[in-house]
Structure formats: structure tokens, C-alpha cells
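Structural characterization, general
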Amino acid sequence: MPAYREKSPAAPSDRDADAAASQKSTSPQRVDDPLAPTNAQTTTEPVWIKPGSAAFRRISIALFLAGYATFSLIYCVQPLLPELARHFAVGPAESSLALSLTTGFLAFAILLAGAVSEATGRKKLMLVSMCVASVLNLIAPLLSDWHAFLVVRALEGLMLGGVPAVAMAYLAEEIDPKALGMAMGIYISGTAIGGLSGRVVIGFLTDLFGWHVALGAMGALGLVAALGFAVLLPASRNFVRRPGFQIRYHLRAWAGHLTHAGLPFVFLIGAFAMGCFVTIFNYVGFRLSDAPYGLSQSQIGLIFVVYLCGSVTSSIAGALSDKLGRGPVLVVGVLLAGVGVAMTMLESLLGVIGGIVVLTSGFFVAHSIASGWVGRLAETSKGHASSLYLLAYYLGSSIMGSVGGWFWAHGGWNAVAGFAGMLLVGALLCGLYLWRLAMRAARRAQGNLVEAA
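Let me sum up the structure you'll find in this document. Per chain, the residues get numbers from 1 upward, laid out in the order the sequence is written. Side-chain atom pairs in this predicted model are given and counted only at pLDDT of 80 or more, local residue features only at pLDDT of at least 70, and totals for whole chains, interfaces and linings cover all residues. Hydrogen atoms and water are omitted, and side-chain values are computed over all heavy atoms in the structure.

Section: unusual backbone geometry
- Here Ala-291 and Pro-292 are connected by a cis peptide whose omega angle stands at 5 degrees.
- Secondary structure counts use DSSP, requiring at least four H or I residues in a row for a helix and at least two E residues in a row for a strand, with both numbered from the N terminus. Mapped onto the secondary structure, Pro-292 falls in the loop between helix 12 (263-289) and helix 13 (297-303).
- Despite not being glycine, Ala-89 shows a phi value in the positive range, around 55 degrees.
- Relative to the helices and strands, Ala-89 is located in the loop between helix 3 (81-88) and helix 4 (92-95).

Have a look at this one:
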């Protein structure tokens, strides 16, 4: 899968040629294959990083740390929502703004981050984002005003936008396409461990030292992860820097992805699946802290250990997709998530926990496949494609996560589960459509080979 080599900005005599190449590369590719890459290919041969190499191991660990830091900082407030509601005297839906504002600002920051990274470079932007967001997480617990707390959480989301889209683009540019599913699965597993740490560790720290110390400790862990990332991640090999913010170039790149036959449906899968997942996790703490369960903060935090299932299933799903195809694996993931949502409607505590386990496993299968599919379909301007996927992904989290509070207030848990189930139906329909397009493209390619023979 061709890509650009990294090079320094062109000399003045070469700029006209580069501008022409930029315009050509960002025009939608008109081909018969409905799942063809969105942009025209270049002729420069990439230097792929092979699985099993030292560079592959360094990238895997560094991006794992990036995923860990980002998602632990984002979701460390989720199990604290009942605590924040009591401390600041706000309702469940309003307390969810501590997470929804972060993911909402994250969504729009991601859209810009993909474009900014084209000029500043992938690694630099990710590192700065991780460091500033960690410092903001250290500041948040020092604030006594609810609105000031929300402002800091929103700024944290704005800064963290520099990591997810750029990380996906970096992997798609540097890793051998045959191993991209595996590498993307490792990165997603890092996000799963980060989400786990942000929820479980903070629960124990809150019971021991209070939520103020717990929230600050998560910021400190983010800084440690950023240091490891800075040391381990190699410089890009297949990335071409584009000096300045060329608005026409970025608009053409985004338009090329949005007019693609398959990519918009991948974006919708991210929005629906994440909206379901966050809705369940936002309000399960309120349910389990009330009668008849009456669980403590640490006990509720332990439930989030199920994120380990997400870490395992995302890595397995990535490897399976390279062998079996993305369509069937993605559909199975969405169906599995639906079974999990249905199980959370059971009255027994074990049934609820089992449902969360199944939901988490299915969600990370779907997310891993969808995010990897973006990198394969977007041949160039990968940062733009990744940013559009994550824009949809986090808008789903922000909007649906808060809307779920209305269902909780007016219909209880069964209403929340029904709302989450409707979102998964949308994801399933998109997945089936993509699977059909992929099968059609495969039959057409096979027919072309037969004719050529």
C-alpha cells in the first residue's frame, strides 16, 4: 500500500511541483471498486516496518502507552460521577458533563489534529498533547467551582485530540499492511488498559484518599506514560510534512473521505458503538450504588476490570480480520455487544456484571476492526480519515452519553438498555452494508483475475 517517505520541506524550486502533487493526491479516486482507497496513490515506495522487528516492538509499546495515557485521563471521571454529583450538588445527567464535555471537545480537536499533524509531525503533536492534558488533570481536583471544573475537563479533551487520530495515522503509514490489523489491535488494547486504569485504580484511590488525590494521581501517571512514549517512538519514515495550514488541501482531503462508498459507514459504526458503550458505563455506577446492590466506589471500580477482556479481544480481532476479512468479524462484534446489553437488564448482580463483560468484548472487537478499516480504505491523507472516524466516535460518546441520562431519569435501567440497543442496531446495519460491499469488490477482483488469465 503506497505511502509517502518522510522528507524535509521542499526547496523553493520544488514547491510548484509539490503543490500539484498535493492537489492530485487529495482528489477522490474514481474507480470501480466501491471500497477503493479515497485518494490517488503516489509512486514513491514506502519503507514498511515488519512485525517482529525491534522497531515494531518499540512502536507497539510507545503507542500502547499513548493509548493508556489518553484513555485513563479521559475516563478517570466516569466512576466518579456519583461522587461528583454529591460533592458539587448536581444531578446524574449534569454530572455526566464531566465526561461528555471532555469527549465532545476531544471530537472537534481530533478533526483539527489530523490536519495540524500534517504540518507539525506526528510524534511531536502526540507528545505535547499528552503532557499538557496530564497537567490539566493535576489542576482539576484543586478547583472548588463546578463550572471551573468543567472548563478544565473541556480543555483536557481539547488537548487530547492530538493523540488518537494521529496515532492511527502513524500506524497506517509506518506498519506493513499485512500486520496493520495486529498493530492497531495492540494500540486499541492500550486504550482498553487505559480505560481500565482510569476506572479501577481511581476507585481504590478514592476510597483510600478521596477523589481529589485520586484524580491528581491519574495526571501524574499520564506524565510518566508520556516520558516512555517520547523515548520509545521512532521518527516517521513514510510521512511527508506539509508546511502551513493549507485549508483547501484539508477540505479536499475530508471531502474525498466523506464521498467514499464505504468510509462514512465506518464513521457511523464508531458513533453508534461508542454511544452505546459510554451510555451503559456512565449510568451503571448509579444503578449499582443504589439498592438493592449498594456497592462502594472500590467495588464499582472493580467491575471495570472487564476492560481486560477488551484488551484481549481487540488484539485477537485485529489478527482475525487480516485472515478472515473485516466484515464478518465486525458484525460478530456488534452482535456480541448487543447480547451484553440485554444481559445487563437481569436483576442479579452476576448477570449485570456478565453483561458488561460481554458488551465490552463485543465493543472492542467492533472498534478495533472499524478503526483498522479506516487506515486501509484511506490510501493517503490518513490523518484526515482517522480524524473523521474519531470525530464521529467521540460525538457519539458525548451526545449519546448525556442523552442516556434522560432515559435513566425517566425510565430507569431498562430504558437505558433499550436506548443502547437501538444504537447497536444502527451499527449492525452499517456493518452489514460494508460487508456486502466488500464481498462485491472481492468478486469483481476475482473476475478480473480470471479474465486476465
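A few points about a positive patch on the surface
- Taken together, the side chains of Arg-436, Arg-440, Arg-443 and Arg-444 present a region of like positive charge at the surface.
- Examined against the element boundaries, Arg-443 turns out to sit in helix 17 (residues 382-452).
- The cut-offs for exposure are 20% and 50% of the maximum accessible area for each residue type, with area from a 1.4 Å probe on protein chains only; residues under the lower value are buried, those over the upper are exposed, and the others partly exposed. A residue is classified by how much of its surface remains accessible, and Arg-443, at 52% relative accessible area, is exposed. Residues qualify for a patch when their relative accessible area is over 30% and they have no salt bridge, like charges being joined within 9 Å and the nonpolar side chains of Val, Leu, Ile, Met, Phe, Trp and Tyr within 5 Å. The protein chains shown are the only cover counted for residues, whose accessible areas, like all others here, come from Shrake-Rupley with a 1.4 Å probe. We define a salt bridge as a side-chain nitrogen of Lys or Arg found within 4 Å of a carboxyl oxygen belonging to Asp or Glu. His is not counted, nor are the chain ends; Lys and Arg add positive charge and Asp and Glu add negative charge. The location of each charge is read from NZ of Lys, CZ of Arg, CG of Asp or CD of Glu.

Side note on the side chain of Thr-102
- Along the chain, Thr-102 turns up in helix 5 (residues 97-120).
- Within the local environment of Thr-102, its side chain forms a polar contact with the backbone oxygen of Ala-98, the two atoms lying 3.1 Å apart.
- Side-chain atoms alone can form a polar contact between residues adjacent in sequence; in general such a contact is a pair of N or O atoms within 3.5 Å, and within protein one must be able to donate a hydrogen while the other accepts it. A distance of 3.1 Å separates a polar atom in the side chain of Thr-102 from the backbone oxygen of Arg-153.
- In this structure, Thr-102 is in contact with Ile-74, Leu-97, Arg-153, Ala-154 and Gly-157, ignoring residues within four places of it in sequence. Here, residues are in contact when the closest pair of their heavy atoms is within 4.5 Å.

Thoughts on the packing of aromatic side chains
- Within 6.5 Å between ring centres, the rings of Phe, Tyr and Trp (the latter by its six-membered ring) count as paired, and their orientation is classed by plane angle as stacked under 30 degrees, edge-to-face over 60, tilted in between. Applying the stated rule across the entire model yields 19 aromatic pairs.
- With a centroid separation of 4.5 Å and 40 degrees between ring planes, the pair formed by Phe-277 and Phe-281 is classed as tilted. One end of the pair, Phe-277, and the other, Phe-281, are both in helix 12, four residues apart, so they sit about a helical turn from each other. Like Phe-277, the residue Phe-281 is buried in the burial classification.
- With a centroid separation of 4.5 Å and 15 degrees between ring planes, the pair formed by Phe-407 and Phe-419 is classed as stacked.
- Using a relative accessible area of 19% as the deciding quantity, one classes Phe-407 as buried.

Concerning the pattern of salt bridges
- Applying the stated criterion to the full structure yields three salt bridges.
- Arg-86 is the salt-bridge partner of Glu-83, the closest N and O atoms lying 3.0 Å from each other. On the criterion of helical spacing, the pair formed by Glu-83 and Arg-86 is a turn pair, its members being three residues apart in helix 3.
- Owing to a relative accessible area of 57%, Arg-86 belongs among the exposed residues under this scheme.
- Arg-122 is paired through a salt bridge with Glu-173; the nearest N and O atoms lie 2.4 Å apart. One end of the pair, Arg-122, is in helix 6 (residues 122-139); the other, Glu-173, is in helix 8 (residues 164-174), and 51 residues separate them in sequence.

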